[in-house]
Amino acid sequence: MHSQLFLQEDPELAAVYARLGQLDPTGQRFAAVLRNTIDQLLNGEVTGRYDWKDLFKTEKTHAGTIVEINLQREFRFDDGVDMDYQIAGFDVDCKYSQTFGGWMIPPEAVGHLCLLVWANDYQSRWSAGLLRIDRAWLNTGNNRDKKLTVKAEHRNKILWLWHDADLPENVLLHLSPVDQAAVFAPKSGQARLNELFRRAQGRRIGRNVVRTVAQQKDYMKRVRGNGGARSALRDEGFLIMGDYTSHQDIARQLQLPVPHEGEFVSARVVTVVPEDVARPHIFLDGRHWALAHSEDLPARGPVLPDLRAAQRAE
C-alpha cells in the first residue's frame, strides 16, 4: 500500500523505480555486482581471504565507494549533477552498508532520491531500495562529517526494488571450520582445489572461490580435465559440472543447483539399476548414475564417463 502511494506522489521516484526494474527485472545483475565487489575487496587470489572480518578498516570504509563505482559500470548510469548518478534523468545518490539500516546519509542528500543498498555475506542476503530523504526521518548525526542514518521507524518508507534477496553464496565462508581447515591444509593449489570439490558438493562454486583456493594465475586450468580436479577426482566417483549446456542438463537431472556462468558444481555419483527410480539419475556411457549415498561408497568410486564428450557435442 505504501509503495503505490509513494509512486503516485513522487513521479521522479516512480521513473527511477521503473528504469531500474527495466534494467534488471530479476535482480541477478545487481546481486552479481555485490558478489563481485565483496570478492574484489577480499582479493582472495593474492591474500587467501574469504571472510569480511579479515578486511582492514580502510577497506571496509571504502566498500561503499567500490559498490557505487561497480554499479555505475554495470548499468552505465550517467554522472549526477549533485548526487552520484542520473537515472531516468534524475539525480540519485548511492549508499551501501554491510549492516542493514547503517546507511550514512550526508546532509546534502536531504531532499534527493537515495539508492540504499545492503548486502551481508554471512546471511547470503541483499536488498536495494529507493528513498526520498526527509530530514525528519533521520537520526541526529554525531560523527565529524555530520552524516545521518534513517530512523528504524521510517525504514518502511523505503520503496524496495529487491528485498532480502539471495546473494550468491561465499562457499568458503559457509563451510564448517573442519572443512575450511582441510581445504587449505595442502601446500599445492591443485590439492586444495581437489579437497574443495570433495567437501563442497552440491553447491555453486564460483571463479573467485577457485581463485582464492588455488592462488595461482592458471586457476581455471586446475579445475578442468587433463590433470585438473575433474580428472583427479574421477576415480573417486566425482563429477564436476561447469557452465556448459550439457553439464547444466546433468545438474538438473540430478536435481542439483545448476551452475551459472563461471561456476562449478561437484557431486559424487554411483551406478544404479534402471529400476531404482526413487533417486534422480542420469544416463551416460550406457549406464545409469545417481547421487551417492554414504552406504554406496567404497574407498574408491567407479571410473566415470568423461564429460568432455558431452561438451564436444554442443
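Structure: see above.
Keep in mind that this is a model prediction, so the values were computed, not measured. (Residues numbered from 1 in each chain as written. Predicted model: local features only at pLDDT ≥ 70, side-chain atom pairs only at ≥ 80, totals over all residues. Heavy atoms only, no water.)

A. Spotlight on the overall build of the chain. A tally of helices and strands in the chain yields 13 helices and eleven strands. Split into buried and exposed, the 314 residues of the chain put 47% on the buried side. Residue pairs in contact within the chain that sit at least 24 positions apart in sequence constitute 56% of those at least 6 positions apart. Surface accessibility of the chain: about 15700 Å² in total, with carbon and sulfur atoms responsible for 49%. (Helix = DSSP H or I, 4+ residues; strand = E, 2+ residues; numbered from the N terminus. Buried < 20%, exposed > 50% of the residue type's maximum accessible area, 1.4 Å probe, protein only. Contact = heavy atoms within 4.5 Å. Areas by Shrake-Rupley, 256 points an atom, 1.4 Å probe, with all protein chains shown as cover.)

B. Summary view of the pairing of strand 10 (residues 281-284). What you see with strand 10 is a clean split: Ile282 and Leu284 sit on the buried side and His281 and Phe283 on the side with no burial. As paired elements, strand 10 and strand 11 (residues 287-291) share four bridges and run antiparallel to each other. Looking at strand 11, one finds that Ile282 is bridged to Trp289. Where strand 10 folds back onto strand 11 in an antiparallel hairpin, the turn is made up of two residues, including Asp285, whose phi is positive at roughly 50 degrees. (Pairing = 2+ DSSP bridges.)

C. Layout of the sheet that holds strand 6 (residues 159-166). One open sheet accounts for six strands, arranged 1-2-3-4-5-6; its pairing is mixed. Of all the strands in the sheet, just strand 1 (78-79) and strand 6 have a single pairing partner and so form its edges. Bridge count for strand 1 against strand 2 (residues 85-87) is two bridges, and the pairing is antiparallel. Across the sheet, the residue bridging to Asp79 is Tyr85, located in strand 2. Lying over the sheet, helix 2 (residues 11-23) contacts strand 2, strand 3 (90-97), strand 4 (113-120), strand 5 (125-132) and strand 6, oriented at roughly 35 degrees with respect to strand 6. Strands in contact with helix 6 (residues 63-75) are strand 1, strand 2, strand 3 and strand 4; relative to strand 3, the strand with the most contacts, it is inclined by about 135 degrees. (Axes fitted to C-alpha atoms, helices over the stretch in contact; angles between N-to-C directions.)

D. Quick look at the side chain of Asn120. Structurally, the position occupied by Asn120 is in strand 4. In this structure the side chain of Asn120 is engaged in a polar contact, spanning 3.0 Å, whose partner is the backbone nitrogen of Gln123. What Asn120 contacts, discounting residues up to four positions off in sequence, is Gln98, Arg125 and Leu167. (Polar contact = N/O pair within 3.5 Å; in protein donor to acceptor, adjacent residues only side chain to side chain.)

E. Quick peek at the packing of aromatic side chains. Going through the model one piece at a time under the given rule, you end up with eleven aromatic pairs. Aromatic side chains Tyr50 and Phe184 sit 5.6 Å apart centroid to centroid with 10 degrees between the ring planes, which places their arrangement in the stacked category. Here Tyr50 is found in the loop between helix 4 (44-47) and helix 5 (57-61), whereas its partner Phe184 is found in helix 8 (residues 177-184), with 134 residues between them in sequence. By relative accessible area, which is 17% here, Tyr50 ends up buried. By relative accessible area, Phe184 is classed as partly exposed at 25%. Seen from their ring centres, Phe100 and Trp103 are 5.4 Å apart, and the 70 degrees between their planes marks the pair as edge-to-face. (Phe/Tyr/Trp six-rings, centres within 6.5 Å; stacked < 30°, edge-to-face > 60°.)

F. Examining the environment of Ala128 more closely. In this fold, Ala128 is placed in strand 5. With ten residues separating them along the chain, Ala128 and Trp118 place their C-alpha atoms 6.4 Å apart. What Ala128 contacts, discounting residues up to four positions off in sequence, is Phe30, Leu115, Leu116, Val117, Trp160, Leu161 and Trp162.

G. A look at the state of the cysteines. Applying the stated rule across the entire model yields zero disulfides. The closest cysteine sulfur to the non-disulfide-bonded Cys94 is located on Cys114, 8.5 Å from its own sulfur. Looking at Cys94, the relative accessible area reads 3%, which means it is buried. Residue Cys114 is classed as buried on the basis of its relative accessible area, which comes to 0%. (Disulfide = S-S within 2.5 Å.)

H. Summary view of helix 6. For helix 6, with 13 residues, the first-to-last C-alpha span of 18 Å sits near the 18 Å given by 1.5 Å per residue. Buried within helix 6 we find Ala63, Val67, Asn70, Leu71, Gln72 and Phe75. Just downstream of helix 6 lies Arg76, where phi reads positive at about 55 degrees. (Expected span 1.5 Å × (residues − 1).)

I. Region of the structure containing the environment of Met241. Mapped onto the elements of the fold, Met241 is located in strand 8 (residues 238-241). Distance from Met241 to Ala267, taken between C-alpha atoms, is 8.4 Å for residues 26 residues apart in sequence.

These results come straight from atomic positions and should not be treated as a statement about function.
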